[in-house]
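Notes for the structure review
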Amino acid sequence: MKTKLSLITLLISLCSLSQAQSIQVNKLEIGKCYSLSQIKAELGNDPTKEATDTNELGAVHYLEYGEDVFHFDTGNGFTSFRLTSPRYSVSGINSCIIKVGDNISKLTSIPDTRLVLKKEGCYHLYLKHWDNPIEIGFSDNNITYIGFAMSV
């Protein structure tokens, strides 16, 4: 009986983890590790600026596509981004997709999130299983930037 109860508890835990919200830019998920070729295949092969540093934890890649900035490292995977153009979309937030240029009213319809006005022109969107918010800048009710930095 104890074994069956433990197995049921484990299955419930695994199901709740699989339903946790994820954050993705296009098809690249925050916290996942990717090769540089995979990253470029998804974001574009010709970044306007590219830098790779090496430290004791491995390689750290910084890619810029115009004003859109991405950070990947071999230890923690895809850790941060700042988007200022509608070229990329942020998804995985309960099946909602947001882009620069969208109306901010779209944010209020995302279930299981908390939206906090941090300062004039800036919301923090908190997802259920994330400590770090998605920062969303806006002007005239339109999203002007979307940023995220995972604490490591």
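Relevant structure appears above.
Residues numbered from 1 in each chain as written. Predicted model: local features only at pLDDT ≥ 70, side-chain atom pairs only at ≥ 80, totals over all residues. Heavy atoms only, no water.

Now for the packing of aromatic side chains. The tally for this structure, following the rule as stated, stands at nine aromatic pairs. Pairing phenylalanine 72 with phenylalanine 78 gives two aromatic rings, centres 4.4 Å apart and planes at 20°, and the pair type is stacked. Phenylalanine 78 matches phenylalanine 72 in its accessibility class, with the two residues each being buried. A network of ring pairs unites the aromatic residues Tyr65, Phe70, Phe72, Phe78, Phe81, Tyr88, Trp130 and Phe148 as a single cluster. The ring of tyrosine 145 has arginine 82 sitting right over it, with the charged end atom 4.0 Å from the ring centre. Sitting over the ring of tyrosine 126, arginine 114 keeps its end group 4.4 Å from the ring centre. (Phe/Tyr/Trp six-rings, centres within 6.5 Å; stacked < 30°, edge-to-face > 60°. Buried < 20%, exposed > 50% of the residue type's maximum accessible area, 1.4 Å probe, protein only. Lys NZ or Arg CZ within 6 Å of the ring centre and 35° of its normal.)

Turning our attention to the sheet that holds strand β10 (residues 122-127). Through backbone hydrogen bonds, the strands of a sheet pair up, either in parallel or in antiparallel fashion. With respect to topology, eight strands assemble into an open sheet ordered β3-β4-β5-β6-β12-β11-β10-β9, the strand pairing being antiparallel. This sheet does not close on itself; its edge strands, each paired only once, are β3 (49-55) and β9 (113-119). Within this sheet the neighbouring strands show an average axis-to-axis angle of 20°, counted without direction. Note that β3 and strand β4 (residues 58-65) share seven bridges and pair antiparallel. Of the residues in β4, the one forming a bridge with threonine 54 is alanine 59. Docked against the sheet, helix α2 (residues 36-43) engages β3, β4 and β5 (68-73), running at close to 15° with respect to β4. (Pairing = 2+ DSSP bridges. Helix = DSSP H or I, 4+ residues; strand = E, 2+ residues; numbered from the N terminus. Axes fitted to C-alpha atoms, helices over the stretch in contact; angles between N-to-C directions. Contact = heavy atoms within 4.5 Å.)

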